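# Structural overview
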Amino acid sequence: MKCAGQIETRAVEESSINLDPIQAAGRLTPEAMKAVIAWGDGYSVCDNCHKPFRLDYVTKPPIADFHTEAAAWLGMDKIQLVPGARRAFQEVTGALVGKGEPVIMTGMGHYTAYLSVEVVNGVVREIKPTPDHHITADATAESIENAIREFGYAPKLVFVDAVDFMYGNMHEVEKIAKVAHQYDIPVLYNGVYTVGVLPVDGKKLGVDFVVGSGHKSMAAPAPSGILATTDEYADIVLRTTKIQGDITGRKFGIKQVGILGCSLMGDPAVGLIASFPRVKERVNHFDEELKNHKIVTDALLSIEGTKVASEYPRKHTLTRMDTAESFDIVAQTHKKRGFFLSSALNKRGITGIMPGVTKQWKFNTYGLTTAQAEYLADSFIEIAEENNMVVG
Ligand SMILES: *Cc1c(COP(=O)(O)O)cnc(C)c1O
């Protein structure tokens, strides 16, 4: 079925159980779906934009209220809508990091975090992960000390992932923030796998920035996200324009410089807001998500040789499996090679695991029902049995 010209209608979420780690929590709510159809036209949110002509002042649709509510919800003072977490990183580095200046980043950071330092010509100094793939406050202190010795002054910013994308492990943000603040370094909490998924309180964590991704974890269309900050850093990072035309004398009111005025228009903004009531509610039920996740990991672990490469017991629904001693052994002699696993899953209506990979692979069960989790668990066991693996 085509939706236009040669463009296929996408039906992945309707036809399959989708385990793609980056897609699970971004899948739209029915409310967002409806909003997306109604607000798809270009600058639709500008219908009722009046003085002072800024997105976060628009009351129809209720974008202004959303800003107030979302800031309170994250335990922060101010938020700004941004086109993706990466643009929030960029806005923060743009305001705080100069040429050649060091930024501390975890060795498990996302490429966009590194690039957000590169785009301002900054320098990255990493925090070494522990052998069990955790970022600790001690290792952070060591990395900061090293940078001070190297540069002669404290790094400008510390990036920390609440839950990293490689293992889905949870890191000691509160302690890391304490350490960074002993050196007066601001801390950016990367919540792309937490904001919209589990409760996040920036004040309690003691961080200066909370970044969330709408399309990754808030059931919102892309590109969307949130940059939340404190009053202290709002004055710097969310600063308003002061520029003036030299011939015309033109000025631009209170437009925010870091995001070049207004950030999200149309679908990304309204879709994010439409999902927000449900997102606010769902973060209180993350324990149920973990219960469903455990149904699947228990089944996988019952297949001989199978290990969880992530921390265990699991604290997040994004998990890296190690099946080098199980599915990968089958792959060595199977006529489909490594593709046997994804192919067997696809046959059962399961998608989202990287095709051809059988050593280590990631999946995310976020948003699945218990019945779907049980179906998944049975499917993995069936596939193992079909291939004469030992299950017990
Ligand atoms: C996906 C991801 C990002 C980028 O998020 P966008 O909203 O797409 O910009 C940043 N950091 C981590 C750890 C991620 O997994």
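What you are looking at is a predicted structure, and each value in this text was computed from that prediction instead of being measured. (Residues numbered from 1 in each chain as written. Predicted model: local features only at pLDDT ≥ 70, side-chain atom pairs only at ≥ 80, totals over all residues. Heavy atoms only, no water.)

### Brief notes about the overall build of the protein
Scanning the protein for helices and strands turns up 15 helices and 14 strands. For the protein, whose C-alpha radius of gyration is 23 Å, the value lies close to the compact-globule estimate of 21 Å for 392 residues. Taken along its principal axes, the extent of the C-alpha atoms in the protein is 80 × 55 × 35 Å. When the 392 residues of the protein are sorted by exposure, 51% land in the buried category. Long-range pairs, those at least 24 residues apart, make up 66% of the contacts in the protein between residues at least 6 apart in sequence. (Helix = DSSP H or I, 4+ residues; strand = E, 2+ residues; numbered from the N terminus. Rg over C-alpha atoms; globule rule 2.2 N^0.38 Å. Buried < 20%, exposed > 50% of the residue type's maximum accessible area, 1.4 Å probe, protein only. Contact = heavy atoms within 4.5 Å.)

### Here we look at the nonpolar core
With 57 residues, the main nonpolar core has Phe66, Leu74, Leu81, Tyr189, Val210 and Ile226 as its most contacted residues. Those elements that place two or more of their residues in this core are helix 3 (63-73), strand 4 (78-82), helix 6 (137-151), strand 7 (158-161), helix 7 (173-182), strand 8 (187-190), strand 10 (225-229) and helix 11 (267-282). No other element matches the 6 residues that helix 11 contributes to this core. In this structure, Val163, Val192, Val211 and Leu227 belong to the second largest nonpolar core, which totals 27 residues. (Core = buried A, V, L, I, M, F, W, Y, C linked by side-chain atoms within 4.5 Å.)

### A few points about the domain arrangement of the protein
Domains assigned within the protein are domain 1 (2-21 + 285-386) and domain 2 (24-283). Distance between the C-alpha centres of domain 1 and domain 2: 30 Å. Across the domain 1/domain 2 interface, buried area totals approximately 1700 Å², and carbon plus sulfur atoms make up 49% of it. Applying the counting rule to domain 1 against domain 2 returns 1 salt bridge. Notably, a salt bridge pairs arginine 27 with glutamate 13, separated by 2.7 Å at the nearest N-O pair. Inspection of the region where domain 1 meets domain 2 yields 16 residue pairs in polar contact (both at pLDDT 80 or more). Listed by contribution, the elements that provide at least two residues to the side of domain 1 that touches domain 2 are strand 12 (318-322) and strand 14 (360-364). (Domains from an automatic or database assignment. Buried area = accessible area lost by both parts, 1.4 Å probe. Salt bridge = Lys/Arg side-chain N within 4 Å of Asp/Glu carboxyl O. Polar contact = N/O pair within 3.5 Å; in protein donor to acceptor, adjacent residues only side chain to side chain.)

### Considerations on the pattern of salt bridges
Applying the stated criterion across every chain yields a total of 15 salt bridges. Taking the shortest distance from any N to any O, the salt bridge between glutamate 69 and lysine 280 comes out at 3.4 Å. With glutamate 69 in helix 3 and lysine 280 in helix 11, this pair connects stretches of sequence that are 211 residues apart. Residue classification places lysine 280 among the partly exposed positions, given a relative accessible area of 29%. Here lysine 78 ties to aspartate 231 by a salt bridge, and the two come within 3.1 Å at their closest N and O atoms.

### Some words on the side chain of threonine 140
For threonine 140, the position within the fold is in helix 6. Threonine 140 sits in the buried class, given a relative accessible area of 0%. Excluding its chain neighbours within four sequence positions, the residues that come into contact with threonine 140 are Ile127, Ile135 and Ile176.

### Quick word on the environment of alanine 180
Within the fold, alanine 180 resides in helix 7. Taking the C-alpha atoms as reference points, alanine 180 and valine 158, 22 residues apart in sequence, are found 7.1 Å from one another. Beyond its immediate sequence surroundings of up to four residues, alanine 180 is in contact with Ile144, Val158, Ile185 and Val187.

### Observations concerning the sheet that holds strand 12
With antiparallel pairing, the 3 strands of this open sheet are ordered in space as 11-12-14. One side of each edge strand has no neighbouring strand; the edge strands of this open sheet are strand 11 (307-308) and strand 14. Two strands pair when backbone bridges link them, and strand 12 and strand 14 are joined in this way by 5 bridges, in the antiparallel orientation. Bridge pairing in strand 14 links arginine 320 to lysine 362. (Pairing = 2+ DSSP bridges.)

### Things to note about the site of the ligand
Near the ligand there are 13 residues, and of these Ala85, Arg86, Ser213, His215 and Lys216 occur at the shortest range. In this structure, alanine 85 approaches the ligand through a main-chain N or O atom, which is 2.8 Å from an oxygen atom. For the ligand, whose free accessible area comes to 390 Å², the fraction covered by protein is 96%. Of the residues contributing to the shell around the ligand, the split by class is 5 nonpolar, 6 polar and 2 charged. (Near = heavy atom within 4 Å. Areas by Shrake-Rupley, 256 points an atom, 1.4 Å probe, with all protein chains shown as cover. Nonpolar A, V, L, I, M, F, W, Y, C, P; charged D, E, K, R; others polar.)

### Notes on the packing of helix 3 against helix 11
The relative placement of two packed helices comes down to the angle between their axes together with the axis-to-axis distance. At a minimum axis distance of 11 Å, the contact between helix 3 and helix 11 shows a crossing angle of 35°. As helix 3 runs across helix 11, the sense of the crossing is left-handed. Note on element contacts: helix 11 touches helix 3 through Leu272, Ile273, Phe276, Val279 and Lys280, opposite Ile63, Phe66, Glu69, Ala70 and Trp73. Within the contact of helix 3 with helix 11, the residues separate by chemical class into 8 nonpolar, no polar and 2 charged. (Axes fitted to C-alpha atoms, helices over the stretch in contact; angles between N-to-C directions. Left-handed = near helix turned anticlockwise from the far one by under 90°.)

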